[in-house]
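Examining the three-dimensional arrangement
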Amino acid sequence: MDEEPQFVGGRRVDLRSALQSLVLPLALLALIVGGLWYWQSRGEGAPDSRYGPVELPEVRNATNDSPAPEEGRAAPDFLLEQLSGGELRLSDLQGKPVLVNFWASWCPPCREEMPAIVDQYARYKGEGFTVVSVNLQEPDSKVSTFAESFGMDFPIAIDRAGDVAETWRIGGAFAGLPSSYVIDANGVVRNVFNQPLTEELIDEALAELLPGAAQ
Amino acid sequence: MARAEAAPGIVRPVRVADLMVWLWRLLASGQFAVAIIALLAIAGLLAVAIPQIPPPMRGNSLAIDAWLEVRKGTFGTFTDAMYRLGLFDVVRAWWFLTGLGLLGISTSVYMIDRALFAWRAVANPRLRLPDSFFERAANRVALPVPVADDSASSALEGVLRRRRFHVRAQTENDSTFMFADRFAWAQLGGLCTHGAVLLFLVGGLVSYFGGFTQDLLIAEGRTSPVFPVSHDSQMQIEVIDAVGRFDDRGAARDYRSEIVIYQRGEEAKRGVTTVNAPVKYGGYTFHQAAYFGEGAQLAIRDAASGNTQYDEVLALQDFVPAPAVEVRDAQDRPLLSDVIVPTDFIGDARGTLVNVPQDGGQYWVGVVPDADGKAYSMVVYGREGDDTRLVMPEGSAQSTGGLTWRFVETQALPSTIESTIPGSSPNTAVVLAETPGGTPYLTMLGSVDGQALTLYPNQPVRVGDSEYTFVGRREFAGISVTRDPGANLIWIATGLLIAGLLVTFYVPRLRIWARVRSDGVVIAAQAERRGPFREEMKRIEKELAALQTAKREQGDQADA
């Protein structure tokens, strides 16, 4: 650390010097850091903001409580793009029991449970049962290959931004993938499954909702 | 302004402002910084001299306890105390982190303290210095050149400018004061160096708090998310092709993978990543960090609907010992040369029934571990009245019943135990082997009715309502995804450090104050090194003398 001669007088701060020696270098540093941040985060495009969680209309809320992905609460509504084209709004399906299943092709337990969901949908769709399969943030081509391979002929929606999954609390301490929710005809969550589904689990969940479901 | 004087004998309480000034001076002092650096250096030596807890063990108290037990053999009763002091994990010890923090604060305070001063010394230096400076400065010279006329100051100024000094002058009464500066900006070299130290610390903090690391093991043809479940910046990585190259001794020479990165449902980037040349996207770096070559893709479909029931790439991380065997007849003609995949596990013995071609006999061939467990012997038992009973070590051959059996070697076949294969027993062993022609095949043990099922690539086998297919061999790529927002700061800091040191040590800054009066010229300097000052003074003196001589000659000619 260099030393100044002893004859140089006391320090006097004037505004101009302060501006030159502190503010400008700090502004330059901020510019560099900001530029680096922008450089690093470039390439992340924003998904269509129309899609994602939407407010559940009051008339479609059969409970006295706000929507939440919990048993006894109204199912949180969402509007998503479908793999087959068009849009899907969950609350439009009120009037019949729905299984909302969150999955991804990279998730082994999702692959494990999918044959059971496909089989049970085929068994009960004649009684009004439907499945809304929500893929998490994957490319259409991947989703399409997977759906074709497993024979998924129910509606498949894609949560591109991942905010529907966030609303449905997927990814917390207890709810990973796959997670499934059985919703009754009034749009109320009846069962929550934070585990791979089996035919037996689906049967039990539908027993009270569908007259023909196996006990 | 009136000032309160403390009466003698009365202790004046320490004011907060005084304390702050004292603290500021302490933090701004070079000695304090050197003391902290010395402490950190000693800590570094301790970290080298004393065994440190391996990073993977951190947070695992059981593993740490076991590790400490081993250390007790060296450090005895001091081990627990050393652990509590953090001597086995120096870089994470509270006192080390405190030292680092103090160094950062000290460097910041020093920089702020010096920045204004240094800039003013560069941009607005003092021209007029007291006479005492010209009489006492360590680097000063009174020029013997008799400069008594009015042109003395302009002559000196001209010489200094020719010597590439930036000159400023001020006249007071009969004196002219000059300040001449060369490489004035070199004063900022020290600030540059300290700024670099500060940036290193900031970069480390940014990396620590804002960094991200995720290690993924992805099979060829498979995709894996970067973040667990959903995330604003979620990306999926697909491994198209994973390649591992090894030399003759089995040492890895190169790992590389072709990967595709997807984001927001679209392909965002495609490239080949290696250990040293990662793929970069969106501020994240995708390194090839590992390679695993033993994988097999198994698919099971519902035979009626064609729907997939199971489609996984199995990582065959275990190994099953299997004998490579050769069988020849009495005329030494080869009848069998193959690796026998075990399907029966009887005690320690692993083997299977083998039909020897042309001979027509059926034998149970397998391996059993030797008593010390370090090697295997091959066993051959005849069936249905054949009393063949052979036990032979590796590399040996034995003959019986017109056949010569040679135990070529023990091979370790990649295998795993799977519990999720539909329609199979809870613990199905899956073994990957190759035919003598090099075609891989998969053996599933106990998959259907306790029987072994052998699958060749893309040749579906129907069992019951299901169709089993060994899709093919698959390799795995270990991809390390990292985001280090502090890395760029570290690079900038490195550049600043190098620039600062170069400027400080190699740019000969020289500041000269001159006083020109009728009784002569005194030049004094503030110079980091005396040598350059003396050399410069010699040159200035020489040039001034030459000017003086030329002027005198001009005067003589005018007189003549």
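Bear in mind that the values here come from a model prediction, so they are computed numbers and not experimental data.

**Concerning the overall build of chain B**
For chain B, the count of helices and strands is 10 helices and 27 strands. Burial analysis of chain B (560 residues in total) assigns 42% to the buried set. By element, 55% of the accessible surface of chain B is carried by carbon and sulfur atoms, the whole surface being about 29,800 Å².

**A few points about the packing of aromatic side chains**
Scanning all chains against the criterion turns up 26 aromatic pairs over all chains. Aromatic pair A:Phe78 and A:Trp168: ring centres 6.1 Å apart, planes at 70°, arrangement edge-to-face. With a gap of 90 residues between them, A:Phe78 in strand 2 (residues 78-82) and A:Trp168 in the loop between helix 4 (163-167) and strand 7 (179-183) connect regions that are remote in the sequence. Taken individually, A:Phe78 and A:Trp168 each receive the classification buried, so the pair is uniform in this respect. A network of ring pairs unites the aromatic residues B:Phe133, B:Phe134, B:Phe177, B:Phe179 and B:Trp513 as a single cluster.

**Looking at the pairing of strand 26 (residues 510-517) of chain B**
Residue and element names in this part refer to chain B. With 7 of its 8 residues buried, strand 26 lies for the most part within the structure. Pairing analysis gives 7 bridges linking strand 3 (residues 175-182) to strand 26, with the strands arranged antiparallel. By the bridge assignment for strand 26, Phe 179 is matched with Trp 513.

**Remarks on the sheet that holds strand 17 (residues 376-382) of chain B**
Across a sheet, paired strands are connected by hydrogen bonds in the backbone, their directions being either parallel or antiparallel. Residues and elements named next belong to chain B. Strand order in the open sheet formed by 5 strands is 14-15-16-17-18, with antiparallel pairing between adjacent strands. Two strands lie at the open edges of the sheet, namely strand 14 (344-346) and strand 18 (389-393), each paired on one side alone. Averaged over all pairs of adjacent strands, the angle between their axes in this sheet comes to 25°, without regard to strand direction. Where strand 17 and strand 18 come together, 5 bridges link them in antiparallel fashion. Considered in strand 18, the bridge of Val 379 is made with Val 391.

**Quick look at unusual backbone geometry**
The phi dihedral of A:Arg169 is positive, around 60°, even though this residue is not glycine. Mapping A:Arg169 onto the fold places it in the loop between helix 4 and strand 7. Despite not being glycine, B:Phe183 has its phi angle at roughly 55°, a positive value. For B:Phe183, the position within the fold is in the loop between strand 3 and helix 8 (188-210).

**Remarks on the pattern of salt bridges**
Once the charged atoms of two side chains with opposite charge are near each other, the side chains can pair. Residues and elements named next belong to chain B. Per the stated rule, a full pass over the model turns up 36 salt bridges over all chains. With its nearest N and O atoms 3.0 Å apart, the salt bridge here joins Asp 131 to Arg 515. Here Asp 131 is found in helix 6 (residues 131-136), whereas its partner Arg 515 is found in strand 26, with 384 residues between them in sequence. The partner of Arg 473 in a salt bridge is Glu 294, and the shortest N-O contact between them spans 3.1 Å. Pair noted here: Arg 473 is in strand 25 (residues 466-483) and Glu 294 is in strand 10 (residues 284-302), with a separation of 179 residues, a long-range link. In this structure Arg 473 comes out as partly exposed when scored by relative accessible area, which is 32%.

Definitions and limits used
- Residues numbered from 1 in each chain as written.
- Chains lettered and ligands numbered in written order.
- Predicted model: local features only at pLDDT ≥ 70, side-chain atom pairs only at ≥ 80, totals over all residues.
- Heavy atoms only, no water.
- Helix = DSSP H or I, 4+ residues; strand = E, 2+ residues; numbered from the N terminus.
- Buried < 20%, exposed > 50% of the residue type's maximum accessible area, 1.4 Å probe, protein only.
- Areas by Shrake-Rupley, 256 points an atom, 1.4 Å probe, with all protein chains shown as cover.
- Phe/Tyr/Trp six-rings, centres within 6.5 Å; stacked < 30°, edge-to-face > 60°.
- Pairing = 2+ DSSP bridges.
- Axes fitted to C-alpha atoms, helices over the stretch in contact; angles between N-to-C directions.
- Salt bridge = Lys/Arg side-chain N within 4 Å of Asp/Glu carboxyl O.

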